[in-house]
Amino acid sequence: MAVYTDINEIDLAAFLAEYDIGGLLSYKGIAEGVENSNYLLHTEKGSFILTLYEKRVNRGDLPFFLGLMQHLAGKGIDCPLPVHQKNGAMIGELAGRPAAIVTFLEGMWMRRPTVAHCQAVGEALARMHLAGLDFPMRRENALSVSGWRPLWDNAKDRADEVEQGLAAETEADLAFLEANWPSDLPVGVIHADLFPDNVFFLGTRLSGLIDFYFACTDLLAYDVAVCLNAWCFEKDFSFNLTKGTALLRGYNSVRPLSADEAGALPVLARGAALRFMLTRLYDWLTVPDGSFVVKKDPMEYIRRMRFHRQIHSPVEYGLVLKGVDA
Ligand SMILES: Nc1ncnc2c1ncn2[C@@H]1O[C@H](COP(=O)(O)OP(=O)(O)O)[C@@H](O)[C@H]1O
Ligand SMILES: N[C@@H](CCOP(=O)(O)O)C(=O)O
């Protein structure tokens, strides 16, 4: 559940008076999500999402996240549009937390994405990358390769509690990735967490991308690698080549991967799996049971890491690209 901070209708009405979205009709907390507290608001002018940013989001990053959504929405990307206060500000304060209101997107996320959904998310990711190219702000990816070792150092002594041998296995992967991480690929704004729960569909039509709170400036192809991990594995941890093919076909139809980006996919996908394994492992070992933070299973990503170690060519993810050697 993700309502960490409680609000009441008196404080909320006072907060809404700063906006031009009409009076409050009703509000309720949204159970889904992990990082922040989200509320669905109904006002005289429509439906909105109110987010109270919790401790794990750095207040200084909010102008990047909200500015990015505004930029992308302005370029026709279906994503939430931040609502400005009457004084022009996008960030206010409610219940002692930084808070923002964004437009409500229709749709629902897919618990069991199909091949068609994977193709649609590939296309949408590429469109987002192109739309972000002239976004003027930068934000380093704190969870890219240089951020993994500090996370690992805080978890490694207890990693074998999750599975015997995990410490040595992860240490070897991390060393490999640190030595082989690409640095000369195209860079731009990436979503960095485009998991199924952050993509809405109305039927098979993709209706919106949400949750830009890990967005940053990094390798565009890394975002593709995140999506291969998040969308193309089945519950039994097998890689679904048909879904991989569809996702990559969708991406390439809008922004063709260069030969260098394609060639780097195996290492990028391995790194993306390690990144999500590490954050999950850290939470698994440090967040007390019964706490509000939703702990996700690191084993799901350990299994993906093992898969990626066996991959040597982007063709094994389903990429069909002239000029790239299998
Ligand atoms: N703009 C939006 N339109 C509709 N629903 C939204 C919107 N933003 C968030 N939500 C709802 O809130 C939930 C949690 O949002 P999310 O940004 O993923 O939270 P967190 O960053 O805490 O993980 C989503 O699964 C969705 O149900
Ligand atoms: N997608 C991450 C966790 C972040 O959750 P989100 O609700 O903010 O997308 C994972 O699966 O580990």
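What you see is a predicted model; the values in this text were computed from it and never measured.

Here is what the cut-offs are and how they apply
Each chain has its residues counted from 1, following the order in which its sequence is written. The order in which chains are written sets their letters, starting at A; the order in which ligands are written sets their numbers, starting at 1. In keeping with the model being predicted, local features are shown solely for residues with a pLDDT of at least 70 and side-chain atom pairs are shown and tallied solely at 80 or more, while totals for entire chains, interfaces and linings include all residues. With hydrogens and water set aside, each side-chain value is computed from the structure's full complement of heavy atoms. Strands qualify as paired when DSSP identifies two bridges or more between them. For helices the rule is a DSSP run of H or I covering at least 4 residues; for strands it is a run of E covering at least 2, with both sets numbered from the N terminus onward. Angles shown run from 0 to 180 degrees and are taken between the N-to-C directions of axes, each axis being a line fitted to C-alpha atoms and, for helices, limited to the stretch in contact. Here a pair means two rings of Phe, Tyr or Trp (six-membered ring of Trp) with centres within 6.5 Å. Their orientation is stacked below 30 degrees between planes, edge-to-face above 60, and tilted elsewhere. The rule is simple: take the accessible area with a 1.4 Å probe, protein chains only, and divide by the maximum for that residue type; under 20% is buried, over 50% is exposed, in between is partly exposed. Distance and angle both matter: a charge sits over a ring if NZ of Lys or CZ of Arg is within 6 Å of the ring centre and within 35 degrees of the ring normal. The near set for a molecule or strand comprises every residue that places at least one heavy atom within 4 Å of it. Counting of polar contacts relies on pairs of N or O atoms within 3.5 Å, with two restrictions inside protein: one atom must be capable of donating a hydrogen and the other of accepting it, and residues adjacent in sequence are counted only when both atoms are side-chain atoms. The Shrake-Rupley method, run with a 1.4 Å probe, gives the accessible areas here. Residue values count only the displayed protein chains as cover. Boundaries of every domain are those given by an automatic assignment or by a domain database. Between two residues, a contact is recorded if the distance between any of their heavy atoms is within 4.5 Å. A simple way to read buried area is as the amount of 1.4 Å-probe accessible surface that goes missing from two parts once joined, with both sides added. When a carboxyl oxygen of Asp or Glu is within 4 Å of a side-chain nitrogen of Lys or Arg, the pair counts as a salt bridge. Along the chain, pLDDT gives the predictor's confidence residue by residue, from 0 to 100.

*Asks:* Sorry, what's going on with the sheet that holds strand E4 (residues 92–94) here?
*Replies:* Strand order in the open sheet formed by five strands is E1-E2-E3-E5-E4, and the pairing between neighbours is antiparallel. On the outer flanks of this sheet lie strand E1 (24–29) and E4, each paired with one strand and no other. Pairwise comparison of adjacent strand axes, ignoring direction, gives a mean angle of 35° for this sheet. Taken together, the three bridges between E4 and strand E5 (residues 97–103) define a ladder with antiparallel strand orientation. When the sheet's bridge partners are listed, Gly 92 is paired in E5 with Ala 99.

*Asks:* Even after reading the chapter, I still don't get the packing of aromatic side chains, so can you show me in this structure?
*Replies:* When we look at a pair of aromatic rings, we describe it by the centre distance and by the angle of the planes. Applying the stated criterion across every chain, the model contains 17 aromatic pairs. With centroids separated by 5.4 Å and ring planes inclined at 20°, the aromatic side chains of Phe 239 and Phe 307 adopt a geometry described as stacked. With a gap of 68 residues between them, Phe 239 in the loop between helix H6 (220–231) and helix H7 (241–254) and Phe 307 in helix H9 (residues 299–309) connect regions that are remote in the sequence. On the basis of relative accessibility, which here comes to 13%, the residue Phe 239 falls in the buried class. A centroid spacing of 5.6 Å and a plane angle of 75° characterise the contact between Phe 239 and Tyr 317, whose relative ring orientation is edge-to-face. Placement of Phe 239 in the loop between H6 and H7 and of Tyr 317 in the segment after H9 is noted, with a sequence separation of 78 residues between them. This pair shows no difference in class: Phe 239 is buried, exactly as Tyr 317 is. An aromatic cluster is present here, built from Tyr 53, Phe 64, Phe 65, Phe 135 and Tyr 213 joined pairwise through their rings. Lying over the aromatic face of Trp 109, Arg 111 brings its terminal NZ or CZ to 3.8 Å of the ring centre. When the ring centre of Phe 176 is taken as reference, the NZ or CZ atom of Arg 270 above it lies at 4.0 Å.

*Asks:* Hey, could you run me through the site of ligand 1 in this one?
*Replies:* Taken together, 17 residues are adjacent to ligand 1, and Val 34, Glu 35, Asn 36, Thr 103 and Leu 105 come closest. Within the side chain of Glu 32, an N or O atom sits 3.3 Å from an oxygen atom of ligand 1. Asn 198 places a polar side-chain atom, nitrogen or oxygen, 3.4 Å from an oxygen atom of ligand 1. For ligand 1, the accessible surface in isolation is 550 Å², of which the surrounding protein chains cover 92%.

*Asks:* What exactly am I supposed to notice about the site of ligand 2 here?
*Replies:* Val 34, Asp 193, Phe 195, Asp 197, Asn 198, Asp 211, Phe 276, Arg 280 and Lys 296 make up every residue found near ligand 2. Relative to its unbound accessible surface of 340 Å², ligand 2 loses 93% to contact with the protein.

*Asks:* What am I meant to see in the domain arrangement of the chain here?
*Replies:* The parts lose accessible area when they come together, and the size of an interface is often stated as this lost area. Its domain assignment divides the chain into domain 1 (9–104) and domain 2 (109–317). The C-alpha-based centres of domain 1 and domain 2 are spaced at 27 Å. Residue-level contacts link 22 residues of domain 1 with 27 residues of domain 2. At the boundary of domain 1 with domain 2, total buried surface from both sides reaches about 2000 Å², with 69% on carbon and sulfur atoms. Note that Asp 134 and Lys 75 form a salt bridge whose closest N and O atoms lie 2.7 Å from each other. Inspection of the region where domain 1 meets domain 2 yields nine residue pairs in polar contact (both at pLDDT 80 or more).

*Asks:* What am I meant to see in the confidence of the model for the chain here?
*Replies:* Predicted coordinates in regions of low pLDDT should not be interpreted in detail. The predicted model of the chain has a mean per-residue pLDDT of 95, with 97% of residues at 70 or higher. Prediction confidence for the complex, expressed as pTM and ipTM, is 0.95 and 0.96 respectively.

*Asks:* Honestly, the pattern of salt bridges in this entry has me stumped. Any pointers?
*Replies:* Oppositely charged side chains are able to pair whenever their charged atoms sit close together. The final tally for this structure, using the stated rule, is 22 salt bridges. Ionic pairing is found between Arg 149 and Glu 171, a salt bridge with its closest N-O pair at 3.0 Å. You can see Arg 149 sitting in helix H4 (residues 145–153) and its partner Glu 171 sitting in helix H5 (residues 166–180), a full 22 residues away along the chain. The exposure class assigned to Glu 171 is partly exposed, which follows from its relative accessible area of 28%. In this structure, Glu 261 engages Arg 255 in a salt bridge whose closest nitrogen and oxygen atoms are separated by 3.0 Å. The two residues Glu 261 and Arg 255 agree in class, both being buried. Connected through shared salt-bridge partners, Glu 163, Glu 169, Asp 173, Arg 270, Arg 306 and Arg 309 make up one network.

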